[in-house]
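Fold and geometry: a report
Read off the chains here:
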Amino acid sequence: MKRDTIAAISTGMTNSGIGIVRISGDEAFETADRVYRGSRKLAAVPSHTIHYGHITDGDDVIDEVLVMAMRGPKTFTGEDTIEINCHGGTYVVSRVLETVLKNGARPAEPGEFTKRAFLNGKMDLSQAEAVIDVITSQNEYALKSSISQLSGSLRDKIKDIRERILHHTAFIESALDDPEHISVDGYGETLREASCRIMEELRELIRSADDGRIMKEGIQTVIVGKPNAGKSSLLNALAGHDRAIVTDIEGTTRDVLEEQIRLQGLTLNIMDTAGIRRTEDVIEKMGVEKAKDYARNADLVIYVVDASRKMDENDEKILDLIYDKKTVILLNKSDLETVVTEEEIRSELERTAQRLGKTSVQLPMIEISAKEEQGIREFEETVRSMFLKGKLSFNEEVYITNARQKSALADALESMKKVVESIDAGMPEDFYSIDLMDAYESLGNITGEAIGEDLVNEIFSKFCMGK
């Protein structure tokens with residue numbers, strides 16, 4: 001199948017040392033030869049070699065370049081590919097691309113290089129999605145997980161499950177077609193055991209999506225507390241710079257301040273909110289309501305208690321608000337004389353449980369001094385242990401990192417449940433194969449073996465230009 005030749009800038013559009021213009025398609029070499037001047041025509045050079053020369057537009061020399069020439073199928077896209085390495089100024093890279101487009105290539109659509117790699121069988125859909133995850137990784141764990149998927153960890157897991165489903169489906173279909181020679185007597189129990197094992201593997205993959213989302217998107221974190229408890233000082237200590245204004249005046253923070261912080265290999269998307277208290281100030285009251293809304297929807301709440309001041313009705317309202325949330329309680333201002341103890345807070349939590357008619361909870365508590373940056377390390381370790389179950393392994397574990405994959409796994413699990421229900425109900429064997437094939441198709445959506453063109457286009461439209 002002949003495909004047109006595409007080109008795009010594959011490096012960031014900022015001034016840098018090097019810029020790359022990538023060309024891919026059946027006429028990549030011919031297109032490049034129309035703009036490249038060197039000792040040899042690129043069409044005559046061996047594959048996977050680099051050549052010195054110049055990019056010209058007619059008689060005008062645009063830039064001095066190194067050109068990498070790669071023939072398909074041993075390329076990223078599986079097609080003939082040229083990469084022009086030029087100087088990285090935004091103007092010169094744009095001029096090189098403009099010249100290439102004038103001489104036979106068309107502009108690549110977002111993600112079109114990776115889309116061609118997928119369509120040409122160089123990678124499955126889960127690996128293609130991992131490409132953009134690598135590019136957008138914001139922390140150590142997100143990068144490691146993306147690299148693991150890019151190497152085929154999820155593909156291999158899904159392939160293994162699908163092969164087992166297909167084996168059982170083929171046996172049942174063969175037995176139904178040739179009952180004289182193939183018996184299904186007692187096969188229901190064999191299939192039930194196999195289905196239960198597959199269901200547990202699917203559940204484990206679905207459970208991994210929680211860790212996967214945290215790794216990829218970060219932990220939505222809200223800092224709450226009374227005015228002047230040290231919330232902004234804590235934000236500044238975690239950020240490593242003065243992100244928030246800190247004063248002795250209560251109610252200084254009235255709107256929500258947001259900061260992204262890397263912590264123990266994870267990303268915290270932290271929001272510092274207005275101090276929660278009863279107030280008649282209209283603007284401050286709006287800030288307090290915002291703080292409550294953000295706390296209700298957060299993955300993690302950091303409740304900063306001013307341990308140098310006695311607890312009051314405002315603390316009671318905060319405890320009501322955060323009781324069912326993942327929360328770390330920080331007893332701040334440990335560098336001063338403190339009047340609030342852990343025991344007192346635990347007693348307040350008991351009273352809150354009774355007031356709300358709920359069971360008691362044991363929330364982690366840490367004494368800190370945001371001003372002196374004491375206790376911050378212990379806080380970081382606590383957060384990590386709350387969100388990551390033990391030590392993450394990217395050699396054996398597979399982590400689901402997007403909602404599309406999780407949804408496909410959930411659909412497959414429901415189909416496998418129906419298989420077990422049919423077996424338990426003594427239904428005919430052809431019922432088993434229908435649900436087995438539904439599970440097989442759902443899992444194929446993850447790797448792209450059973451997916452429509454519209455969804456493929458939607459997935460790759462989210463990629464950056466040039467990738």
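In this numbering scheme, every chain counts its residues from 1 along its sequence in written order. The model is predicted, so local features are restricted to residues of pLDDT at least 70 and side-chain atom pairs to those at 80 or more, both for listing and for counting; the totals for chains, interfaces and linings are taken over all residues. Derived side-chain values reflect all non-hydrogen atoms in the structure, with water molecules and hydrogen atoms excluded from consideration.

When a residue's accessible area, from a 1.4 Å probe over protein chains only, is under 20% of the maximum for its type it is buried; when over 50% it is exposed; and in between it is partly exposed. Numbering of helices and strands starts at the N terminus; helices are DSSP runs of H or I of at least 4 residues and strands are runs of E of at least 2. Counting buried positions over the nine residues of helix H8 (residues 231-239) gives eight, a clear majority of the element. For H8, the full list of buried residues reads Lys 231, Ser 232, Ser 233, Leu 234, Leu 235, Asn 236, Ala 237 and Leu 238. The criterion used for residue contact is that any of the two residues' heavy atoms lie within 4.5 Å. Residues of H8 that are buried in the fold lie against strand S8 (219-225), strand S9 (257-263), strand S10 (266-272), strand S11 (300-306), strand S12 (327-332) and helix H12 (376-387). Looking at the residues trailing H8, positive phi occurs at Gly 240, about 80°.

Attention now goes to the confidence of the model for the chain. The predictor attaches a confidence to each residue, called pLDDT, with possible values from 0 through 100. For the chain, mean pLDDT is 84; residues scoring 70 or higher make up 90% of the total. In the model, residues 244-255 has pLDDT below 50 throughout and makes 34 contacts with residues more than four positions away in sequence or in other chains.

Here we come to the sheet that holds strand S1 (residues 6-9). Only when DSSP finds a minimum of two bridges between them are two strands counted as paired. Strands sit in the order S3-S4-S5-S6-S2-S1-S7 across an open sheet of seven strands; the sheet is mixed. The sheet is open, and its two borders are formed by strand S3 (36-38) and strand S7 (106-107), each paired with just one other strand.

Note on soluble globular proteins: their nonpolar side chains tend to be buried together. Within the largest apolar cluster, 31 residues are counted, with the highest numbers of intra-cluster contacts made by Ile 165, Leu 191, Leu 202, Leu 409, Met 416 and Leu 443. Counting residues per element, the ones that place at least two in this core are helix H6 (153-177), helix H7 (187-217), helix H13 (403-424) and helix H14 (429-447). Working definition of a nonpolar core: buried Ala, Val, Leu, Ile, Met, Phe, Trp, Tyr and Cys residues. They are joined through side-chain atoms within 4.5 Å.

Whenever a carboxyl oxygen of Asp or Glu lies within 4 Å of a side-chain nitrogen of Lys or Arg, that contact is scored as a salt bridge. Following the criterion strictly, the structure yields 29 salt bridges and no others. Lys 157 is the salt-bridge partner of Glu 201, the closest N and O atoms lying 3.1 Å from each other. With Glu 201 in helix H7 and Lys 157 in helix H6, the pair connects residues that are 44 residues apart, well separated along the chain. Here Glu 201 falls in the buried class, since its relative accessible area comes to 19%. Where Asp 306 meets Arg 309, a salt bridge forms, and the shortest distance between an N and an O atom there is 2.7 Å.

Further remarks concern unusual backbone geometry. For the bond running from Gly 72 to Pro 73, omega is 10°, close enough to zero to count as cis. At Glu 373, a residue that is not glycine, the phi angle is positive and equals roughly 60°. Relative to the elements of secondary structure, Glu 373 occurs in the loop between strand S13 (365-367) and H12. Given the relative accessible area of 52%, Glu 373 is considered exposed.

This paragraph deals with the sheet that holds S13. Reading across the sheet, the six strands line up as S9-S10-S8-S11-S12-S13 and stay open at both edges, with mixed pairing between neighbours. Pairing within the sheet leaves two strands with one partner each, and these edge strands are S9 and S13. For this sheet the average axis-to-axis angle between neighbouring strands, irrespective of direction, equals 25°. Strand direction decides the pairing type here: S8 and S10, joined by five bridges, are parallel. Within S10, the position partnered with Ile 219 by the bridge is Leu 268. Where H8 meets the sheet, it contacts S8, S9, S10, S11 and S12, and its direction lies at approximately 40° from that of S9. Lines fitted to the C-alpha atoms define the axes, with helices restricted to the stretch that makes contact. Angles between their N-to-C directions range from 0 to 180 degrees. Across the sheet, helix H10 (residues 313-322) lies against S8, S11 and S12, angled at about 165° from S11, the strand it touches most.

For the rest of this paragraph, the subject is the layout of surface pockets. The volume enclosed by the second largest pocket comes to roughly 230 Å³. In this analysis the probe radius is 1.4 Å and the grid spacing 1 Å, with only protein atoms considered; a cavity is a set of points the probe fits into but cannot get out of, a pocket is an open set with protein on both sides within 12 Å along at least five of seven lines, and lining residues have an atom within 4 Å of a point. Taken together, Glu 129, Ile 132, Asp 133, Thr 136, Lys 216, Asn 402, Ala 403, Arg 404, Ile 459, Lys 462 and Phe 463 form the lining of the second largest pocket. Of all elements in the fold, only helix H4 (125-136) and H13 reach the threshold of two or more residues within the lining of the second largest pocket. Take the lining of the second largest pocket: its biggest share by element is four residues, from H4. Residue composition of the lining of the second largest pocket, by class: four nonpolar, two polar and five charged. Grid points are joined across faces, edges and corners, and a volume is the space filled by probe spheres set on the points. By the convention adopted, Pro, Cys, Tyr, Trp, Phe, Met, Ile, Leu, Val and Ala count as nonpolar, Lys, Arg, Asp and Glu as charged, and the other residues, Gly among them, as polar.

Put simply, H6 and H14 touch, their axes get as near as 9 Å, and they point 155° apart. For the element pair H6 / H14, the angle class is roughly antiparallel. The hand of the H6/H14 crossing is left-handed. Residue-level inspection shows Leu 154, Arg 155, Ile 158, Ile 161, Arg 162, Ile 165, Leu 166, His 168, Thr 169, Ile 172, Glu 173 and Leu 176 of H6 in contact with H14, the latter providing Glu 429, Asp 430, Tyr 432, Ser 433, Leu 436, Met 437, Ala 439, Tyr 440, Leu 443, Gly 444, Ile 446 and Thr 447. Residues belonging to the contact of H6 with H14 are distributed by class as follows: 14 nonpolar, five polar and five charged. When an angle is under 35 degrees it counts as roughly parallel; over 145 it counts as roughly antiparallel; between 65 and 115 it counts as roughly perpendicular; any other value is oblique. Should the near helix be turned anticlockwise from the far one by less than a right angle, the crossing is termed left-handed; should it be turned clockwise, right-handed.

Before going further, it helps to spend a moment on the packing of aromatic side chains. Aromatic rings considered in pairs are described by the distance between their centres and by the relative angle of their planes. Ring pairs are drawn from Phe, Tyr and Trp, using the six-membered ring of Trp, whenever the two centres fall within 6.5 Å, and their geometry is named by plane angle: stacked under 30 degrees, edge-to-face over 60, tilted for the rest. In this structure the tally under the stated criterion is two aromatic pairs. Taking the centre distance of 6.0 Å and the plane angle of 35° together, the rings of Phe 118 and Phe 460 count as tilted. Taken together, the residues Phe 118 in helix H3 (residues 112-119) and Phe 460 in helix H15 (residues 453-461) connect sequence positions 342 residues apart. Each member of the pair Phe 118 and Phe 460 is classed as buried. Here the aromatic rings of Phe 171 and Tyr 187 are separated by 4.3 Å at their centres, their planes lie at 25°, and the arrangement is stacked. In this pair, Phe 171 sits in helix H6 while Tyr 187 sits in helix H7, placing the two residues 16 residues apart along the sequence.

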